[in-house]
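Architecture at a glance
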Protein chains: 2
Amino acid sequence: MPRKLSTLDPQRLDNQICFAVYSAAHAFNRVYKPLLDRLGLTYPQYLVMLVLWERDDVPVKDIGERLFLDSGTLTPLLKRLEAAHLVKRTRSSEDERQVLIALTAQGHALKEKARSVPQSILAASDCSVSELVTMKDEIVALRDRLNAVIGE
Amino acid sequence: MPRKLSTLDPQRLDNQICFAVYSAAHAFNRVYKPLLDRLGLTYPQYLVMLVLWERDDVPVKDIGERLFLDSGTLTPLLKRLEAAHLVKRTRSSEDERQVLIALTAQGHALKEKARSVPQSILAASDCSVSELVTMKDEIVALRDRLNAVIGE
DNA sequence: TCACATTTAATTGTTCGCAATTGAATAAGC
DNA sequence: GCTTATTCAATTGCGAACAATTAAATGTGA
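Calculation notes
Residues numbered from 1 in each chain as written. Chains lettered and ligands numbered in written order. Predicted model: local features only at pLDDT ≥ 70, side-chain atom pairs only at ≥ 80, totals over all residues. Heavy atoms only, no water. Disulfide = S-S within 2.5 Å. Buried < 20%, exposed > 50% of the residue type's maximum accessible area, 1.4 Å probe, protein only. Near = heavy atom within 4 Å. Polar contact = N/O pair within 3.5 Å; in protein donor to acceptor, adjacent residues only side chain to side chain. Helix = DSSP H or I, 4+ residues; strand = E, 2+ residues; numbered from the N terminus. Pairing = 2+ DSSP bridges. Contact = heavy atoms within 4.5 Å. Axes fitted to C-alpha atoms, helices over the stretch in contact; angles between N-to-C directions. Nonpolar A, V, L, I, M, F, W, Y, C, P; charged D, E, K, R; others polar. Domains from an automatic or database assignment. Buried area = accessible area lost by both parts, 1.4 Å probe. Salt bridge = Lys/Arg side-chain N within 4 Å of Asp/Glu carboxyl O.

Let us now look at the state of the cysteines. When the sulfur atoms of two cysteines share a covalent bond, that bond is a disulfide. Under the counting rule described, the total for this entry stands at 0 disulfides over all chains. Not part of a disulfide, cysteine 18 of chain A finds its nearest cysteine sulfur in cysteine 127 of chain B, a span of 13 Å. Note on cysteine 18 of chain A: relative accessible area 3%, which makes it buried. Look at cysteine 127 of chain B and you get buried, because its relative accessible area is 18%.

Pasting the structure below:
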């Protein structure tokens, strides 16, 4: 019965990359919170707005593929954005199964107010841009490998 | 009015490390799901069990500090673990404000059944151990810098 | 045309995650 | 002893996140 060295024990919390990622995601969320409160957005709502600022008038499905989220998450979230007058939901006339999401004037305008958010996050990261880009690319590559396993 | 190159635009979704972390956390969760279903645990419940397998008979507060979660999250989660007969919640006699969490025999036994989980995750990551350790350390360092900003 | 599969959103129910509040227990100072 | 502040857990309410189901629209093949 070998006594495992805790620094190598794969069952130890601090040795798990998934917990590192999980807890880092929460840390990001907490840093974003006060910034996004001023915009009246939650972090997932902010992600949806980022997608729409790149291109709007898109079906819910497209937003979900971009963010890896399903309609069970997006439908109520989008209804809240609609209630906040940031987006408009319209059923497509070409394919009535689709609901198209378009920005309102307010939704477009919010992009300017949100312009300072990324640099605030960068400052909080206390890290060079190039280091962050490298890490981001590594994490994305890991995420894509994980997602590949899920679809078998 | 300069047209920003999208590969440099900080407001672009794919340029944001936080989205990389956020989406990687979800990807991990999806990989864990089938593995943890067999143990009857969710991922946050699994994290709590990891903490308790290292040391149990600890107050809720300690678990929260380890996982960066508060009692609003942990109280109902621990009640579900208690309902599953994996932990016992007892109010401390020394300080009656504290609730001590101890593993049951079933809770201890589950550690063996969970032993194969980390290696399944490693396989899904499709990545060398040393690469993962390096990434983990970088992500933890980033997380800790973010958490440092939150407390001002 | 008709039957059947596929696509797409919406809905329902369970679990996290956190802010804000409540309430109880403890500690500190007078 | 009394007041006050602090600590800690529980509670409440809201917003994700996802599985599973439902329902409608579309496409396909016989």
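Below, the discussion takes up the protein's contact with DNA strand C. Surrounding DNA strand C, one finds 29 residues, the nearest of these being Tyr22, Lys79 and Arg89 of chain A together with Thr42 and Arg80 of chain B. Within 4 Å of the protein, the contacting atoms of DNA strand C are 78% sugar and phosphate, with bases supplying the remainder. In this structure, a phosphate oxygen belonging to DNA strand C sits 2.3 Å away from a side-chain N or O atom of arginine 80 of chain B. If you list the elements that add at least two residues to the surface near DNA strand C, you get α1 (17–37), α3 (60–67), α4 (71–83) and β2 (87–91) of chain A together with α2 (43–54) and α4 (71–83) of chain B.

Looking now at the side chain of glutamine 16 of chain A. Residue and element names in this part refer to chain A. One can find glutamine 16 in the segment before α1. On the basis of relative accessibility, which here comes to 5%, the residue glutamine 16 falls in the buried class. Within the structure, glutamine 16 has its side chain in polar contact with the backbone oxygen of proline 10 (distance 3.0 Å).

A separate point is the sheet that holds strand β1 (residues 58–59) of chain B. Residues and elements named next belong to chain B. Read across the open sheet, the 3 strands follow the order β1-β3-β2; overall the sheet is antiparallel. Looking along the sheet, the strands with just one partner apiece sit at the ends: β1 and β2 (87–91). Two elements, β2 and strand β3 (residues 99–103), share 5 bridges in a ladder whose sense is antiparallel. Looking at β3, one finds that arginine 91 is bridged to valine 99. Strands β2 and β3 of the sheet are contacted by α4, whose axis makes an angle of about 120 degrees with β2.

Near DNA strand D, the surroundings consist of 29 residues, among which Thr42 and Gln45 of chain A together with Tyr22, Lys79 and Arg89 of chain B are the closest. Of all atoms in DNA strand D that approach within 4 Å of the protein, 80% are sugar or phosphate atoms. The contact in question runs from a phosphate oxygen of DNA strand D to an N or O atom on the side chain of lysine 61 of chain B, over 2.9 Å. In the environment of DNA strand D, a phosphate oxygen lies 2.6 Å from a nitrogen or oxygen atom belonging to the side chain of arginine 89 of chain B. Secondary-structure elements contributing two or more residues to the surface near DNA strand D are α2 (43–54) and α4 of chain A together with α1 (17–37), α3 (60–67), α4 and β2 of chain B. In terms of residue class, the surface near DNA strand D is made up of 8 nonpolar, 9 polar and 12 charged.

In this section: the domain arrangement of chain A. All names here are of chain A. When cut into domains, chain A gives domain 1 (16–115) and domain 2 (116–152). Domain 1 and domain 2 are separated by 19 Å when their C-alpha centres are compared. Listed as interface residues are 11 residues of domain 1 and, on the opposing side, 11 residues of domain 2. Summing the contributions of domain 1 and of domain 2, the shared interface buries around 830 Å²; its carbon and sulfur component is 73%. Summed over the three residues of domain 1 that lose the most area to domain 2, namely Leu35, Phe68 and Arg115, the buried surface amounts to 46% of that side. Scanning the region where domain 1 abuts domain 2 turns up 0 salt bridges. Linking domain 1 with domain 2 are 3 residue pairs in polar contact (both at pLDDT 80 or more), by the criterion used here. With 5 residues, the top contributor of residues to the side of domain 1 that touches domain 2 is α1. Split into classes, the residues belonging to the side of domain 1 that touches domain 2 amount to 9 nonpolar, no polar and 2 charged.

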